[in-house]
Amino acid sequence: MKKSGAAEKKRVRRASAVVQNGTRDPNSDTPPRKQAAKKDVFQLFAEKVRDHKDLESRWAVLQETRVEYFRGKDFVSFLRNHPEVKDILESDRNLETEDIANALLSKNLLVRCDRVVKTLRPGKKKLSTWPAHLEIFPEQVFSDNDAFFAWTFEKGRPLWQTLLSFFWPVLTLAICLFPVYPHRCKLLILYSCAGVLLLILSLLFVRAAIFGMIWILLGKRVWFFPNILAEEATLRELFRFWPKKDEEEKPKWTARLFYAVLAVLVILLLRHHAPDEAARARYQKRMSNIIDDVLEWSPRLALSGMMEKQPDVANATEANGTFSDGSKTNPDEIVPPDADAETGNVHENDQHQHQHQHQDNI
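Here's a quick rundown of the structure. Note that this is a predicted model, so its numbers are computed, not measured.

A closer look at a positive patch on the surface
Thinking step 1. A cluster of basic residues, Lys73, Lys125, Lys126 and Lys245, forms a positive patch on the protein surface.
Thinking step 2. Structurally, lysine 73 can be placed in helix α3 (residues 72–81).

A look at the sheet that holds strand β1 (residues 58–62)
Thinking step 1. Strand order in the closed barrel formed by five strands is β1-β2-β5-β3-β4, and the pairing between neighbours is mixed. The sheet shows a mean angle of 55° between the axes of neighbouring strands, taken without regard to direction.
Thinking step 2. Across two bridges, β1 lies against strand β4 (residues 133–136) in parallel orientation. From the neighbouring strand, valine 61 faces β4, where its bridge partner is histidine 133.
Thinking step 3. Where α3 meets the sheet, its contacts fall on β2 (66–71) and β5 (148–151), and the angle it forms with β2 comes to roughly 65°.

Things to note about unusual backbone geometry
Thinking step 1. Despite not being glycine, glutamine 63 has its phi angle at roughly 55°, a positive value.
Thinking step 2. Secondary-structure assignment places glutamine 63 in the loop between β1 and β2.
Thinking step 3. Phi is positive for aspartate 146, which is not a glycine, with a value near 50°.
Thinking step 4. Position of aspartate 146 relative to the elements: it lies in the loop between β4 and β5.
Thinking step 5. We classify aspartate 146 as partly exposed; its relative accessible area is 47%.

A short note on helix α4 (residues 97–106)
Thinking step 1. Counting buried positions over the 10 residues of α4 gives eight, a clear majority of the element.
Thinking step 2. Three or more residues of α4 are buried, namely Thr97, Asp99, Ile100, Ala101, Asn102, Ala103, Leu104 and Leu105.

Quick look at the pattern of salt bridges
Thinking step 1. Per the counting criterion, the structure on display carries eight salt bridges.
Thinking step 2. Between lysine 118 and aspartate 114 there is a salt bridge; the shortest N-O distance is 3.9 Å.
Thinking step 3. A salt bridge links arginine 115 to aspartate 146; the nearest nitrogen and oxygen atoms lie 3.2 Å apart. Here arginine 115, found in strand β3 (residues 110–115), pairs with aspartate 146, found in the loop between β4 and β5; they are 31 residues apart in sequence, far enough to count as distant.
Thinking step 4. A single salt-bridge network, built from bridges that share partners, covers Asp114, Lys118 and Glu135.

Reading guide: rules and limits
- The numbers attached to residues start from 1 for each chain and follow its sequence in the written order.
- Totals for whole chains, interfaces and linings use all residues, but because this is a predicted model, local features are given only for residues with pLDDT of at least 70 and pairs of side-chain atoms are given and counted only at 80 or more.
- Hydrogens are left out, water is left out, and the side-chain values use all remaining heavy atoms of the structure.
- Two distance rules govern patches: like charges are joined within 9 Å, and nonpolar side chains (Val, Leu, Ile, Met, Phe, Trp, Tyr) within 5 Å, applied only to residues with over 30% relative accessible area and no salt bridge.
- Accessible surface is estimated by sampling points in the Shrake-Rupley manner with a 1.4 Å probe; for residues, cover comes only from the protein chains shown.
- For this document, the term salt bridge refers to a Lys or Arg side-chain nitrogen within 4 Å of an Asp or Glu carboxyl oxygen.
- Neither His nor the chain ends is counted toward charge; the positive residues are Lys and Arg and the negative residues Asp and Glu.
- Where a charge lies is defined by one atom per residue type, namely NZ (Lys), CZ (Arg), CG (Asp) and CD (Glu).
- The helix and strand labels rest on DSSP assignments: H or I over at least four residues marks a helix, E over at least two residues marks a strand, and numbering proceeds from the N terminus.
- Any two strands between which DSSP finds at least two bridges are classified as paired.
- Here an axis means a line fitted to C-alpha atoms, over the contact stretch when the element is a helix, while the angle between two N-to-C directions is reported on a 0 to 180 degree scale.
- Contacts: residue pairs with any heavy atoms within 4.5 Å of one another.
- Think of it in three bands: residues with accessible area under 20% of the maximum for their type are buried, residues over 50% are exposed, and the middle band is partly exposed, with areas taken using a 1.4 Å probe on protein chains only.

This is how it looks when you write it as structure tokens:
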């Protein structure tokens, strides 16, 4: 413990010495522009190291912010294997790894972090190698013993990300204009999206089936594409194929037997209640009708349908107008009911007279 404390104090002294060398001495004759350039050397070094592929890093959440971080031991091995990176530091290229890291910490280019979960979870033998949640460590001093360091500056955006940011609005507009596409383009887009969706679902199903069989038969947890459903993962980590090492305890044989019986029962139940050929044909016909309605829609058909409906609407409007005009008659033209009765009696008398005359003539 005393040796480690003395080593930490020695590191702090070296870091302070590096910082003092980086500050401007009022008695020195060095122009301020050169000293400003000397300060930017560590910024260039940090950017160079961060963009290097050989320094293994991960992404995690630090105080509700996603940060990229690396381990202290990986930083030591990286500078040992790539000493040419130190040439960027010019006069400080001969500094030790600890002094360089402490200088980066003092210039706020790095921040030392610690894992949030410091206790073993049930069923695990050791802590996670790359924790997903971090917190700031109280002592900002470099260490290669289970220490994590996060970059504090924003990484330069590559060209493909800039082009992608302009591409997203164009893609959104293209999706909104899908109904007016030609029929062949609609078919191409439909089958492409359906193929990608089928590929994703098949991959998840095969992945889960392989995990279940290996877990039941051998008692090992093997997940191919282990980061395919991870929320905090880069694109390269997302499509990583090989599974991670199983660090959990082997499950009991009773649990494996229970889930094996449960899987067999589920398979038999699904097979018993599987739809017959007639039901499958009805469902296929219904889905094909829905797809045909979407694919066959076009602005011309929509406009022609609207034009065909317009005469019907016009006729209905004219009929309504005629009915309303007929209902609005002049009060003087309204015939009272008594007059109608008298007129009816006159017509009846005329008919009787004509009948009597016809009989007389006979």
